[in-house]
Amino acid sequence: MAILDQGPLNYKEQLPPIIHENYGKWRYHENPKPGVLKHVSESGAELYSVRVGSPRLVSLDFIREICNLADEYCGGYLRFTARHNVEFLVSDAAKVEPLIAALGERGLPVGGTGASISNIVHTQGWVHCHTPATDASGVVKAVMDDLYEYFVSSKLPAQLKISLACCLNMCGAAHCSDIAIVGVHRTPPRIDHEKIRKGTEIPSLVASCPTGAIRPNPKEKSVVVNDAKCMYCGNCYTMSPGMEIIDPDNDGVAILVGGKVANARTNPMFSRMVIPFLPNNPPRWPEVTDAVRNIVETYAANAHKGEKMGEWIERIGWERFFTLTGIEFNAKLIDDFIFSRETFRTSAAFKY
Ligand code: SF4
Ligand code: SF4
């Protein structure tokens, strides 16, 4: 009989001996150089973590390659971070530089620590999902190629987290990142009555629409959409294959900025849209890479040390953010959803 409900492996069985021995007894850590962390325990034991960028979507050959490196330099131990970087856990200080050299020979970049741009948390895109308005892996590769210098250094005012979601489901961290790239549609769904009749629970489809744009259509045993109320979220297509919304000529991405999850200094913040649309231009998405670089460089040149993107913008004011970045303010950026009033200015305090 098959073994069921066994859950994941107990992570403690997979810890390197040095972590087992010093579990819960770490005194401090340092970041001696980009991509390298040194943790020192109460007993004086030293653990070096060498952080390496990964494309997240990897082959078994890639996994075997990093396992071979872990066997050679780390007693067979490594881990993946929450931003899907790989961390080699080295307990012998003499092996740190040889490991970094071996990684360099294989083109694996060491970085992503401190005030850097670490990996981009991202999603499935055209590789595997049925609802995307853009690709994930392709955009991420283009953006990280362009911002590579920030992965392998710590020269920003603070850590800058970039995320990508290929539709407004926002799998991942797009709603709470310093910069978020989000796939958006710009045309309403195209109704296929036959598919809706055959494969859709109509009340759930009607209830899936955040703006109430969908109504039952009893004559067709289907639905109708009020296009004027539709804002192309695609939620109805998630509910029903008869609401196809993907539109290669009109889909693209929006850019959001200023989100954070940490409680350090200021409360967590949602990211907010600053560019409503950029076209999908595969394979290198130049409009997107240019827009992201502009925001990164303007932030790097103007923020105080230790200040996150959202904290910087809240300090200088959103008008000033648009002035400094040269991004055109657009009426589409004004919130018009249920609780939008809270986002309007209810004060005379602003800068010309
Ligand atoms: S963000 Fe949307 S399109 Fe991308 S993986 Fe999630 S559900 Fe699929
Ligand atoms: S795309 Fe969104 S807003 Fe438009 S009809 Fe579907 S669920 Fe409603």
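Predicted model only: the values in this text are computed from it and were never measured.

The rules behind each value
- Residues numbered from 1 in each chain as written.
- Chains lettered and ligands numbered in written order.
- Predicted model: local features only at pLDDT ≥ 70, side-chain atom pairs only at ≥ 80, totals over all residues.
- Heavy atoms only, no water.
- Pairing = 2+ DSSP bridges.
- Helix = DSSP H or I, 4+ residues; strand = E, 2+ residues; numbered from the N terminus.
- Axes fitted to C-alpha atoms, helices over the stretch in contact; angles between N-to-C directions.
- Contact = heavy atoms within 4.5 Å.
- Buried < 20%, exposed > 50% of the residue type's maximum accessible area, 1.4 Å probe, protein only.
- Core = buried A, V, L, I, M, F, W, Y, C linked by side-chain atoms within 4.5 Å.
- Domains from an automatic or database assignment.
- Salt bridge = Lys/Arg side-chain N within 4 Å of Asp/Glu carboxyl O.
- Polar contact = N/O pair within 3.5 Å; in protein donor to acceptor, adjacent residues only side chain to side chain.
- Nonpolar A, V, L, I, M, F, W, Y, C, P; charged D, E, K, R; others polar.
- Expected span 1.5 Å × (residues − 1).
- Arc of directions from axis to C-beta.

A. Layout of the sheet that holds strand E3 (residues 46-52). Strands sit in the order E1-E2-E3-E5-E4 across an open sheet of five strands; the sheet is antiparallel. A single partner strand is all that each edge strand has here, and the edge strands are strand E1 (26-33) and strand E4 (78-80). Taking each pair of neighbouring strands and ignoring which way they run, the sheet shows an average axis angle of 25 degrees. Note: E1 against strand E2 (residues 36-41), five bridges, orientation antiparallel. Considered in E2, the bridge of Tyr-28 is made with Val-40. On top of the sheet, helix H2 (residues 60-73) reaches E4 and strand E5 (86-90); it is set at about 15 degrees to E5, its chief contact. Contacts from helix H3 (residues 96-105) reach E1, E2, E3 and E5, with the element oriented near 10 degrees to E3.

B. Focus on the pairing of E3. Within E3, six of the seven residues are buried, which leaves the element mostly enclosed by the surrounding structure. Both E2 and E3 contribute to a ladder of five bridges, which runs antiparallel. Bridged to His-39 within E3 is Leu-47. Following E2, the chain reverses through four residues before pairing antiparallel with E3; Gly-44 in that reversal takes a positive phi of roughly 90 degrees. Two elements, E3 and E5, share five bridges in a ladder whose sense is antiparallel. Counted as the bridge partner of Arg-51 is Glu-87 from E5.

C. Region of interest: the nonpolar core. Within the largest apolar cluster, 40 residues are counted, with the highest numbers of intra-cluster contacts made by Ile-179, Ile-181, Ile-255, Val-288 and Val-292. For this core, the element with the highest residue contribution is helix H9 (residues 286-302), accounting for six residues. Residues contacting Val-288, with those up to four places away along its chain left out, are Val-139, Val-143, Ile-181, Val-253, Ile-255, Leu-278 and Pro-279. Judged by nonpolar contacts, the second largest core, of 20 residues, contains Cys-74, Phe-88, Leu-103 and Leu-108.

D. Inspection of the domain arrangement of the protein at higher detail. Taken domain by domain, the protein holds domain 1 (13-106), domain 2 (117-184 + 251-343) and domain 3 (190-244). If you look at the interface, domain 1 gives 12 residues, while domain 2 gives 16 residues. Viewed at the interface, domain 2 and domain 1 are joined by zero salt bridges. At the junction of domain 1 and domain 2, the tally comes to nine residue pairs in polar contact (both at pLDDT 80 or more). Its residues assigned to classes, the side of domain 1 that touches domain 2 comprises five nonpolar, five polar and two charged.

E. Main features of H2. With 14 residues, H2 extends 20 Å between its outermost C-alpha atoms, agreeing within 8% with the 20 Å of an ideal straight helix rising 1.5 Å per residue. Buried within H2 are the following residues: Phe-62, Ile-66, Leu-69, Ala-70 and Tyr-73. Viewed along the axis of H2, the buried residues span an arc of 100 degrees, placing them on a single side of the element. Facing away from the buried side of H2 by more than 90 degrees, the exposed set consists of Leu-60, Asp-61, Arg-64, Asn-68 and Asp-71. Packing partners of the buried residues in H2 comprise E4, E5 and H3. Once H2 ends, the next one or two residues include Gly-75, with phi positive near 60 degrees.

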